[in-house]
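Fold and contact review
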Amino acid sequence: MLTDWNSTRPGDPAHVLAAYIGHPERIECAVCEGPDGIVGFQSLRLAVPGNTYEVEPGWGIIGTYVRLNLGRQGIGQALFAHNLRAAQTAGLSWIEATIGADNLGAQAYYEAMGFQTYRTEKGAVRKRCTVPPLSLTLT
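Residues numbered from 1 in each chain as written. Predicted model: local features only at pLDDT ≥ 70, side-chain atom pairs only at ≥ 80, totals over all residues. Heavy atoms only, no water.

**A few points about the nonpolar core**
Ranked by size, the top nonpolar core spans 17 residues in total, and within it Leu44, Ile62, Phe80, Ile95, Tyr110 and Phe115 carry the most contacts. Contributions of two or more residues to this core are made by helix H2 (75-90), strand E4 (94-100) and helix H3 (104-112). (Core = buried A, V, L, I, M, F, W, Y, C linked by side-chain atoms within 4.5 Å. Buried < 20%, exposed > 50% of the residue type's maximum accessible area, 1.4 Å probe, protein only. Helix = DSSP H or I, 4+ residues; strand = E, 2+ residues; numbered from the N terminus.)

**Observations concerning the pattern of salt bridges**
The final tally for this structure, using the stated rule, is 4 salt bridges. Here glutamate 111 makes a salt bridge to lysine 127, at a shortest N to O gap of 2.7 Å. Note that glutamate 111 is positioned in helix H3 and lysine 127 in strand E6 (residues 124-130), a separation of 16 residues in sequence. The exposure class assigned to lysine 127 is buried, which follows from its relative accessible area of 1%. Between arginine 119 and glutamate 121 there is a salt bridge, with the nearest N and O atoms lying 3.3 Å from each other. Salt bridges linked by common partners bring Glu96, Arg119, Glu121 and Arg126 together as one network. (Salt bridge = Lys/Arg side-chain N within 4 Å of Asp/Glu carboxyl O.)

**Notes on the sheet that holds E6**
Pairing between sheet strands relies on hydrogen bonds along the backbone, with the strands arranged either parallel or antiparallel. One open sheet holds the 6 strands; their spatial order is E1-E2-E3-E4-E6-E5, and the pairing between them is mixed. Here the strands that pair on one side only, and so sit at the sheet edges, are strand E1 (26-34) and strand E5 (116-121). Going across the sheet, the axis of each strand differs from the next one's by a mean of 25°, ignoring polarity. Bridge count between strand E3 (residues 60-66) and E4: 2 bridges; the pairing is parallel. Paired with glycine 60 across the strands is isoleucine 95, a residue of E4. Against the sheet, H2 makes contact with E1, strand E2 (37-46), E3, E4 and E6, and its axis sits at roughly 160° relative to E1, the strand it touches most. Packing against the sheet, H3 makes contact with E2, E3, E4 and E6, and its axis sits at approximately 165° to E4. (Pairing = 2+ DSSP bridges. Axes fitted to C-alpha atoms, helices over the stretch in contact; angles between N-to-C directions. Contact = heavy atoms within 4.5 Å.)

**Structural notes on the environment of arginine 119**
Position of arginine 119 relative to the elements: it lies in strand E5. Residue classification places arginine 119 among the partly exposed residues on the basis of a relative accessible area of 33%. In this structure the C-alpha to C-alpha distance between arginine 119 and threonine 98, which are 21 residues apart in sequence, comes to 9.5 Å. In contact with arginine 119, not counting residues within four places along its chain, are Glu54, Val125 and Arg126. A distance of 3.3 Å separates the side chain of arginine 119 from the side chain of glutamate 121, its partner in a polar contact. (Polar contact = N/O pair within 3.5 Å; in protein donor to acceptor, adjacent residues only side chain to side chain.)

**Considerations on the packing of aromatic side chains**
Per the counting criterion, the structure on display carries 6 aromatic pairs. The interplanar angle of 65° and the centroid separation of 4.8 Å between the aromatic rings of tyrosine 109 and tyrosine 110 together place this pair among those described as edge-to-face. Here the two residues tyrosine 109 and tyrosine 110 agree in accessibility, since each one is buried. These aromatic residues form a ring-pair network of at least three members: Phe80, Tyr109, Tyr110 and Phe115. (Phe/Tyr/Trp six-rings, centres within 6.5 Å; stacked < 30°, edge-to-face > 60°.)

Encoded structure:
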């Protein structure tokens, strides 16, 4: 399923189902499809105490995958717009992305989405963004 993503994580359907879609802390998963199948995928889940990424409990944990040959076409932007709304609905204040230090494309993507580096560690850059509150519209 997740092939050509520049990731060392497994991309087979069983892994995607367990690690993202069926994850007990899943808030939302967004998918972009093209003529040849899935071209982008983004997962948003709630950070709970003891989470694998050591993200502050109560924050969102986000992961994004876009096919390498389709970067810079708005896929990631569309995925994030969907999951930002899900984060607002869930009442999150922050979303965090942990990115490989050598993955400059992903770092640039998250910066373009409004994330800022707040911590670096061996082999990883941690970026976070503030989740604005939902706007209320009176009708």
